[in-house]
Amino acid sequence: MASVFASAVRKSGNIISTLVRGNAMTAGDNEKLLRRIRKLMALGTRNNNAYEAARAVRLAQVLMQRHNLSLEDLALGDVQEAVSYQIYSDAISIPGWLNALAAVVCMATGCRCWFSWHNSATRTGQSRRRRSLHFYGLNERPEVGLYVFTVLSRQLREATDLHMHSAYRLKRLKVQTKRNRADQFREGWVVGVWNVLESFEPSEKESGVLRNWLTQRCGNQALSELNVREARSCRGDSKARESGWMAGRQAQLSQGLNGQASQLKALSVIGGKDDE
């Protein structure tokens with residue numbers, strides 16, 4: 001512990017001296033500074049040596065005062081963002097199933113999200129506007145949210161294709177009726193997933209941090225209300241939705257990358273404890 005403390009003090013001194021010389025800080029320097037302050041604050045709360053603990057906290061306070069930082073600034077530094085560019089609909093009106101899927105993922109991982117646009121090049125080299133989905137939250141939660149959304153989106157697409165091929169392959173239906181039944185199946189599928197996944201809500205303090213971060217992140221680009229398109233009623237819609245619900249309950253997150261599926265389970269356990 002003493003060696004870790006000495007290393008933190010030495011690096012903190014280097015940061016202070018650099019700023020005294022008047023060199024401008026880059027984004028990387030600012031992130032390095034925030035990490036150093038958080039490490040000093042952690043040493044101050046976990047060190048059994050009262051002198052070293054007090055000195056670590058004092059050094060953290062010096063850094064914060066010198067750079068006009070507050071505890072809220074430290075909290076904002078913990079907020080991360082992860083973006084999905086694999087959205088299976090570029091419609092201006094967000095399909096109800098897509099909006100619901102994003103909401104379910106946020107509920108399961110403690111994230112928040114918003115839909116946006118990005119430019120993508122086609123095979124012919126032309127620019128095309130595509131949908132994107134931005135997850136934001138504390139620490140690793142956005143990455144877990146991105147993983148869960150990617151896996152569930154892929155499984156939903158495969159389940160829909162399988163259902164449409166097996167259930168209606170030999171039936172003569174209008175194109176619009178097929179589309180409506182596909183949307184009904186997707187909405188039912190998302191409800192089935194929601195019944196399986198555990199959900200938790202960030203604390204009020206965390207929610208406040210996320211709101212402040214979003215305000216800084218978006219700046220003058222105000223977020224508008226979503227224009228959501230619900231699935232249309234049609235002949236056979238109840239059966240399609242029920243089939244989707246049953247298929248959604250079979251969704252799997254076990255084929256995770258880098259242990260992110262286990263992180264989701266850990267987050268769900270944390271959420272359960274917070275709700276007690």
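Preceding this paragraph is the structure being described.
Anyway, here's the lowdown on the structure attached to this text. (Residues numbered from 1 in each chain as written. Predicted model: local features only at pLDDT ≥ 70, side-chain atom pairs only at ≥ 80, totals over all residues. Heavy atoms only, no water.)

1. Observations regarding the nonpolar core
In terms of nonpolar packing, the biggest core is built from 30 residues, with F135, F149, L152 and W189 touching the most fellow members. Counting residues per element, the ones that place at least two in this core are α5 (96-109), β4 (127-138), α6 (141-168) and α7 (175-196). By residue number, the principal contributor to this core is α6, which donates nine residues. If we ignore the near neighbours within four places in the chain, the residues touching F149 are S84, Q86, I87, L98, L101, A102, V105, L133 and F135. Ranked by size, the runner-up nonpolar core spans nine residues in total, among them Y136, L138, V209 and L210. (Core = buried A, V, L, I, M, F, W, Y, C linked by side-chain atoms within 4.5 Å. Buried < 20%, exposed > 50% of the residue type's maximum accessible area, 1.4 Å probe, protein only. Helix = DSSP H or I, 4+ residues; strand = E, 2+ residues; numbered from the N terminus. Contact = heavy atoms within 4.5 Å.)

2. Quick look at the state of the cysteines
Counted by the stated rule, this structure contains zero disulfides. For the unlinked cysteine C113, the closest cysteine sulfur is that of C106, found at 3.4 Å. (Disulfide = S-S within 2.5 Å.)

3. Here's the deal with a nonpolar patch on the surface
Together, V191, W245 and M246 make up a nonpolar patch on the protein surface, roughly 270 Å² of accessible area in all. Among the secondary structure elements, V191 is positioned in helix α7. Note on V191: relative accessible area 37%, which makes it partly exposed. (Patch = residues over 30% accessible without salt bridge, like charges linked within 9 Å, V, L, I, M, F, W, Y side chains within 5 Å. Areas by Shrake-Rupley, 256 points an atom, 1.4 Å probe, with all protein chains shown as cover. Salt bridge = Lys/Arg side-chain N within 4 Å of Asp/Glu carboxyl O.)

4. A short note on the packing of α7 against helix α9 (residues 237-248)
The relative placement of two packed helices is expressed as an angle between their axes plus a distance between the axes. One can describe the packing of α7 onto α9 by two numbers: an axis separation of 6 Å at closest approach and a directional angle of 35°. The element α7 and its partner α9 pack so that their crossing is right-handed. In this structure, α7 uses R181, Q184, F185, E187, G188, W189, V191, G192, V193 and N195 to contact α9, whose residues at the interface are D237, A240, R241, S243, G244, W245, A247 and G248. Each residue belonging to the contact of α7 with α9 can be placed in one class, and the counts come to seven nonpolar, seven polar and four charged. (Axes fitted to C-alpha atoms, helices over the stretch in contact; angles between N-to-C directions. Left-handed = near helix turned anticlockwise from the far one by under 90°. Nonpolar A, V, L, I, M, F, W, Y, C, P; charged D, E, K, R; others polar.)

5. A closer look at the sheet that holds β4
As summarised here, the arrangement of the three strands in space is β1-β4-β3, forming an open sheet in which the pairing is antiparallel. Strands with a single pairing partner mark the edges of an open sheet, and in this sheet they are β1 (79-84) and β3 (112-121). Going from strand to strand, the sheet's axes swing by 30° on average, the running direction of each strand aside. Examined bridge by bridge, β3 and β4 share ten bridges and lie antiparallel to one another. Bridge assignment links W117 to a residue of β4, and that residue is R131. Helix-sheet contacts for helix α8 (residues 204-218) involve β1, β3 and β4, and the interaxial angle to β4 is about 145°. (Pairing = 2+ DSSP bridges.)

6. Description of the packing of α6 against α7
Between α6 and α7, the least distance of the axes is 10 Å, while the angle of their chain directions is 135°. Classified by the interaxial angle, the pair formed by α6 and α7 is oblique. When the axes of α6 and α7 are compared, the crossing they make is right-handed. In this structure, α6 contributes L152, Q155, L156, A159, T160, H163, M164 and Y168 to the contact, and α7 contributes K178, R181, A182, F185, R186, W189, V190 and V193. In terms of residue class, the contact of α6 with α7 is built from ten nonpolar, three polar and three charged. (Parallel < 35°, antiparallel > 145°, perpendicular 65-115°, else oblique.)

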